Each structure stands twice: as C-alpha cells, then as structure tokens.
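Each chain, written out:
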Amino acid sequence: MIQIPSDLNPSLVPLVFLLGTWEGAGVADFPGEEKCNFGQSVTFSHDGRDFLEYVSHTWVLDAEGNKVRPLESESGYWRIDADRKVEIVMVRDQGVVEIWYGDLAAQKPQIDVVTDAVARTAASGPYSGGKRLYGYVNSDLMWVGEKATPDVELRPYMSAHLKKVVTPEEVAEMARNLGDLPDDGIAFFK
C-alpha cells in the first residue's frame, strides 16, 4: 500500500510510490566491462522540500549471491513539475555528473528519463549519455538503464528488480491497523 506522508511537499505526490528503501538484484552487461549479477540498495527520501533525495549502491554478487565488491554508487535529487515532467540531478562515483529529463507516464507509475547534460572528470571512463525506465509493478520497483559511449551506441547495460524494505515503524503501523482481525486470525483468510 502506498501512503502519502503528511509532511511530503505536495508537488511530490505523483512520485510518492518511490519513497522508501528498496533492495534486490539485477544484471550488468556492457561491451568492455565485466558482465555480472549485482545487488542493489536504493533509498528515496524527503525532508519536506520540493525534491526527493536519491541514493543507490550496487555491488557485484558471486554465483551464490554473496557480496564480492562495490560496483557503482550514485546520489541525486528528483523533482517533478505540474505537467509530470521529471528532472534529476545525479552524481556517480565514477566521476560523472548528469542532468536527466523525462516524464511520469499518464495513469501509471512509470518514469522515462534521458540525459540532457553530462560532465565527466578526468578519472571517469568513456560515457556520453543514457536513458532509464523506472516502473512500480505489483508493489516492486523495476528499472532498466541504457548507456552510450563514444564507441558504443545507446544500449541496455543494467536492470534490476527491487523489493521495498519494511522499517520497524511501518511494522508497528501495520500492527496498529490489525485491530479488526478476528481473535483466531483464521477467519481473516476465509
């Protein structure tokens, strides 16, 4: 269930489905880079202002699903305007700063964004732009990212399927809302 926090900036209500911490796994595959399975933790939070704060950490997984080493980290700020136009400012640990623009789809929680500007430090690898699709599907967050370099045309490079992490506060709220369950609990499932 999606809940709208009382202190959420009203302009962010269309993005409320992103709020929280999400964890899961995905696949990374791009020419010239290691193909791997990865784990990911993403947090979207807010402080009442007109943006969501975004932090993502990924790590390489071995064949048994154990963490091997960090893969990528990124952080940024997401905004949306009255016309459902999404704006993202993002910094990545590889020495890349990006500005992304796109749209929140009509009638469904799906966001399509593409890079509008890319700045790279001398330490960053080749990168010329990207495209991402985020979707809220059956209470899960899924995304696919595409990227381009001077030598490789825009193509998919990472995708993941993430599940929302429930906090102790959310568990307590769920428990408070169980008051109308029958004493034996079984009748609830009939």
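Residues numbered from 1 in each chain as written. Predicted model: local features only at pLDDT ≥ 70, side-chain atom pairs only at ≥ 80, totals over all residues. Heavy atoms only, no water.

A.B. asks: Is there a simple way to think about the layout of surface pockets in this case?
C.D. replies: Empty space among the atoms can be located by rolling a probe the size of a water molecule over them. One number sums up the size of the second largest pocket: a volume of about 310 Å³. Around the second largest pocket, the lining comprises 18 residues; the ones closest to its centre are Glu33, Glu72, Gln94, Lys147 and Tyr157. Elements with a minimum of two residues in the lining of the second largest pocket: β4 (67-80) and β10 (155-165). (1 Å grid on protein atoms, 1.4 Å probe; cavity = no way out; pocket = protein on both sides within 12 Å on 5 of 7 lines; lining within 4 Å. Points joined across faces, edges and corners; volume = space filled by probe spheres on them. Helix = DSSP H or I, 4+ residues; strand = E, 2+ residues; numbered from the N terminus.)

A.B. asks: Would you take a moment to explain empty space enclosed by the protein for this structure?
C.D. replies: Throughout the structure, instances matching the rule amount to one cavity of 30 Å³ or more. One number sums up the size of the largest cavity: a volume of about 60 Å³. Lining the largest cavity, in full, are Gln40, Ser56, Thr58, Glu72, Ser73, Glu74, Arg132, Trp143, Tyr157 and Met158. When contributions to the lining of the largest cavity are tallied by element, the ones reaching two or more residues are β3 (52-61), β4 and β10. Broken down by class, the residue content of the lining of the largest cavity amounts to three nonpolar, four polar and three charged. (Nonpolar A, V, L, I, M, F, W, Y, C, P; charged D, E, K, R; others polar.)

A.B. asks: Teacher, can you tell me more about the packing of aromatic side chains here?
C.D. replies: The geometry of an aromatic ring pair is captured by two quantities: the separation of the ring centres and the angle between the planes. Taken as a whole, this structure holds nine aromatic pairs when the rule is applied. On the basis of an interplanar angle of 85 degrees and a centroid distance of 6.2 Å, the ring pair of Trp22 and Tyr136 is categorised as edge-to-face. Highlighted residues: Trp22 in strand β1 (residues 20-28) and Tyr136 in strand β8 (residues 129-137), separated in sequence by 114 residues. Centre to centre, the rings of Phe51 and Tyr77 are 5.1 Å apart; their planes meet at 90 degrees, and the pair counts as edge-to-face. Of this pair, Phe51 sits in the loop between β2 (36-45) and β3 while Tyr77 sits in strand β4, placing them 26 residues apart in sequence. Look at Tyr77 and you get partly exposed, because its relative accessible area is 37%. (Phe/Tyr/Trp six-rings, centres within 6.5 Å; stacked < 30°, edge-to-face > 60°. Buried < 20%, exposed > 50% of the residue type's maximum accessible area, 1.4 Å probe, protein only.)

A.B. asks: It is not clear to me how the sheet that holds β1 should be interpreted in this structure. Could you clarify?
C.D. replies: Backbone-to-backbone hydrogen bonds join strands into a sheet, with any given pair of strands oriented parallel or antiparallel. The antiparallel closed barrel is built from ten strands, whose spatial order is β1-β2-β3-β4-β5-β6-β7-β8-β9-β10. Pairwise comparison of adjacent strand axes, ignoring direction, gives a mean angle of 25 degrees for this sheet. Two elements, β2 and β3, share nine bridges in a ladder whose sense is antiparallel. Residue pairing for β3: Asn37 is matched across the bridge by Leu61. (Pairing = 2+ DSSP bridges. Axes fitted to C-alpha atoms, helices over the stretch in contact; angles between N-to-C directions.)

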